[in-house]
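Descriptive structure summary
Okay, here's what each chain looks like letter by letter:
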Amino acid sequence: MLAKICGLSYKDEVEVAISYGAAFCGFILNWPKSHRHIDISKISDFGKVVKKKSKFVGVLVNPTDEEIEKFNHPYLDYFQLHGEETADRIKEIKLLSPKKIIKTIKIDSEKDLALYNDYEKIVDIFLFDSKGYELSRGFDHSLLKNIDKRSNKWMIAGNIKIEDLENVSKIADYVDVSGSLETNKQKDLNKIKKFLLKVKEINNEN
């Protein structure tokens, strides 16, 4: 299991995330309702950090063609589509940009799982999250037992805490975390370190 630290806003947060082994660093680019929202210009500054094996992810909610062009930054490796983008819309986005795609499926009840089959062959990673957007709410992970994972890569979000990591590691390839690593709505560097050290510990045990 690898980790994505999402909603990073400052260079020191990115540096700590990468140095402690984050596989992905996520940046909120077109959702100003979030206190984690940043301007695309910051990505150029973050890109000066030695990325090692980490990938940069631009988080977008229902992006327009113009936004895809605007956010098609060379330092970004993935677009995370976090809105209600249909399979046809994702195909259009892939024609506009070569970025790999993480598609969020927001889970509230079992009926939401039906979307999985729609996207299966057109996205690189599935992200299962709650319907809280920037509110960092959790959801019932046991619902995912009703999906045949097949060869797809799974990422799980939704107010994940350190004590949840053991269970998440049994379900997903990646864990996505943001809100639980904050103090007063700002990323806490010590929390990032502790979280990523725990991920590493679990991986070593397995």
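A few points on the structure. (Residues numbered from 1 in each chain as written. Predicted model: local features only at pLDDT ≥ 70, side-chain atom pairs only at ≥ 80, totals over all residues. Heavy atoms only, no water.)

Scanning the entire structure with this criterion turns up 14 salt bridges. One salt bridge connects E182 with K187, and the closest N-O pair in it is separated by 2.8 Å. A residue is classified by how much of its surface remains accessible, and K187, at 7% relative accessible area, is buried. Within the structure, one salt-bridge network assembled from shared partners comprises R36, E182 and K187. (Salt bridge = Lys/Arg side-chain N within 4 Å of Asp/Glu carboxyl O. Buried < 20%, exposed > 50% of the residue type's maximum accessible area, 1.4 Å probe, protein only.)

For the rest of this paragraph, the subject is helix α7 (residues 189–205). Taking 1.5 Å as the rise per residue, α7 with 17 residues should run 24 Å; its terminal C-alpha atoms sit 25 Å apart, in good agreement. Turning to α7, its buried residues number three or more, namely I192, F195, L196, V199 and I202. The buried residues of α7 occupy an angular sector of 115 degrees when projected down its axis, which confines them to one face. Exposed residues pointing more than 90 degrees away from the buried face of α7 are listed as K194, N204 and E205. (Helix = DSSP H or I, 4+ residues; strand = E, 2+ residues; numbered from the N terminus. Expected span 1.5 Å × (residues − 1). Arc of directions from axis to C-beta.)

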